[in-house]
Structures are given as C-alpha cells and as structure tokens.
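# Geometric and topological summary
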Amino acid sequence: MNEGLEQAGLEKTVNLAKQLSVAIRSSSEYTVYRQRLEELQGQPELYAQVNNLRRNNFQRQNGGGGRMTYDEYSAFVAESRRLRGNPLVDEFLNAEVGLGRLLQDVKRIIISEIDFDNQFLD
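Remember, it's a predicted structure, so these values are computed and weren't measured experimentally. (Residues numbered from 1 in each chain as written. Predicted model: local features only at pLDDT ≥ 70, side-chain atom pairs only at ≥ 80, totals over all residues. Heavy atoms only, no water.)

## Comments concerning the environment of A95
Take A95: it is sitting in helix α5 (residues 87-113). Counting along the chain gives 59 residues from A95 to R36, while the straight-line C-alpha distance between them is 7.6 Å. When neighbours within four sequence positions are excluded, A95 is seen to be in contact with V32, Y33 and R36. (Helix = DSSP H or I, 4+ residues; strand = E, 2+ residues; numbered from the N terminus. Contact = heavy atoms within 4.5 Å.)

Set out below in structure tokens:
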C-alpha cells in the first residue's frame, strides 16, 4: 500500500516537472535562446568557434580549480571580445545567460520551498 502512494507521489511530481518544462519552453527567455541558437547553427564554423569559447569558459569556471595563467586568460578574453563583436554571437550568448538565470531562479525557488539543506555550499 505504501508503494502505491509513493508511486502516485512520484507520478504527480513528474507531471508537475513536465508542466514546468512546458512553461519554461514558452518563456521569452527560452524562445529568444532557441531562435538565436538556430541562427547560429546555420553558420557551422561560427557555431564551432562559439562552442569552443563556451567550453573554455565552462572549464575556466568549473575545472582545475578555475585557475588560468595570465596568458591563457588574456587569450580567452581576446577571443571572447572577437566573437562577441559579431551581433549574432553576442545576442546568442546573452540569450543563453538569460535562460540560465531563469533556470537558476526556478532551482532557487524549488530548493527554498522544500527546505533542502544546502548550507554546505556557503
């Protein structure tokens, strides 16, 4: 009997998560992000360069303790400026940040509402 209640709770949670994903997909942040992504993907060489920049940025922020030499950092900044000089790239990266903020806000709300202990992160 308990298993049935647990399954019903899981199904309800999954359904609500699906509804939330529909709401996110209908947001302006997601719509703009998808439009810019599709435009960027239409230019494969530029898309590959942007993906390399995104990968390097991710690794800079999350890998190896976030440490870069001065020369590596200077090269990263120069490449970022060069690519962001293209309006499509700049619009895409801004849209990606906007969507990321929306997802972070949703995560923050969920975590705060369920009283999830995340003090270890402070």
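## Considering the packing of helix α3 (residues 44-62) against helix α4 (residues 70-84)
A pair of packed helices is captured by two measures, namely the crossing angle of their axes and the spacing between those axes. Running from amino to carboxyl end, α3 crosses α4 at an angle of 140 degrees, the nearest separation of the two axes being 11 Å. Accordingly, the angle class assigned to the pair α3 and α4 is oblique. Where α3 crosses over α4, the handedness of that crossing is left-handed. In this structure, α3 uses L46, Q49, V50, L53, N56, N57 and R60 to contact α4, whose residues at the interface are Y73, F76, E79, S80, R82 and L83. (Axes fitted to C-alpha atoms, helices over the stretch in contact; angles between N-to-C directions. Parallel < 35°, antiparallel > 145°, perpendicular 65-115°, else oblique. Left-handed = near helix turned anticlockwise from the far one by under 90°.)

## Side note on the packing of helix α2 (residues 28-41) against α5
One way to put it is that α2 packs onto α5 with a least axis distance of 8 Å and a crossing angle of 145 degrees. Relative to α5, α2 is oriented so that their crossing is left-handed. Counting all contacts with α2, which are made through E29, Y30, V32, Y33, R36, L37, E39 and L40, the residues of α5 involved are L88, V89, E91, F92, A95, E96, G98, L99 and L102. The residue makeup of the contact of α2 with α5, split by class, is 11 nonpolar, one polar and five charged. (Nonpolar A, V, L, I, M, F, W, Y, C, P; charged D, E, K, R; others polar.)

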